[in-house]
Structure formats: C-alpha cells, structure tokens
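Coordinate inspection notes
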Amino acid sequence: MQIEDSIFWIAISGLLVLVSIFPNIAYFVSDLLGIGTPVNFVFLFMIFLLLYKVFLMSVRISQLEYRLKNLVQQIAIKNLELEQKDRYKS
C-alpha cells in the first residue's frame, strides 16, 4: 500500500470520527444540500468518495498496464537483437 492510500483512509476515518463526535455538521450539510436525513448525506458522501477512489485506482492500473506492455516489448526487441547477433557470429 502506498503512502497516498494510507493518508486517504486515515483522512476518511478522521472525517467519520469528526462527524460522529459533532453530528451537527452532518445535519447542517444535509439541510444545506436539501437531503432529507443526515444519514443519507453520510452514505451518499461515502459512496462518492469510494467511487472517486476506485476511479483513481483504475487510472493507476491502466498506467501500470501501459508501462508493463512497453517494458515487455522492449525486452522482446532486445532478445531479438541478441539472437540475431548470435546467428551472425556463428
């Protein structure tokens, strides 16, 4: 797990603890946004955060797959060059 992931989960945990200690925050924000109950706001907020986290992880995985593909292609080219050099030496 990377540092950014750990900080993300610690921040989310801290935010949930803060909302549980001071529930008026959830009441205020849910009234401000026109959401019926504070519990629905907390659930909606957490769902959006988790979707955002999944999106970031998907982007990171796509980047890693692209880098892996390039690395495999470079290794294949190097191996081909080595094989061709060995053929011409023999």
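Here, every reference points to the structure presented above.
Presented here is a report on the structure given in the accompanying data block. Residue positions are counted from 1 within each chain, in the order its sequence is given. Restriction of local features to residues with pLDDT of at least 70 applies here, the model being predicted, together with a cutoff of 80 or more for giving and counting side-chain atom pairs; totals for whole chains, interfaces and linings are based on all residues. Each side-chain value is worked out from all heavy atoms of the structure, with water and hydrogens disregarded.

To continue, consider the packing of aromatic side chains. The pairing test for Phe, Tyr and Trp rings, Trp by its six-membered ring, is centres within 6.5 Å, and the orientation test on the planes gives stacked under 30 degrees, edge-to-face over 60, and tilted for anything in between. Summed over the entire model, instances satisfying the criterion amount to two aromatic pairs. Aromatic side chains Phe-8 and Trp-9 sit 5.0 Å apart centroid to centroid with 80° between the ring planes, which places their arrangement in the edge-to-face category. Ring centres of Phe-41 and Phe-45 lie 6.0 Å apart, and the angle between their planes is 25°; on these two criteria the pair is classed as stacked. With Phe-41 and Phe-45 both in helix α3 (residues 38-89) and four residues apart, the pair spans about one turn of that helix. Remark: a charge is flagged as sitting over a ring if the NZ atom of Lys or the CZ atom of Arg is within 6 Å of the ring centre and within 35 degrees of the ring normal. Sitting above the plane of the Phe-8 ring, Lys-53 keeps its charged end 4.8 Å from the centroid. By definition, any uninterrupted DSSP run of H or I lasting at least four residues is a helix, any uninterrupted run of E lasting at least two residues is a strand, and each is numbered from the N terminus.

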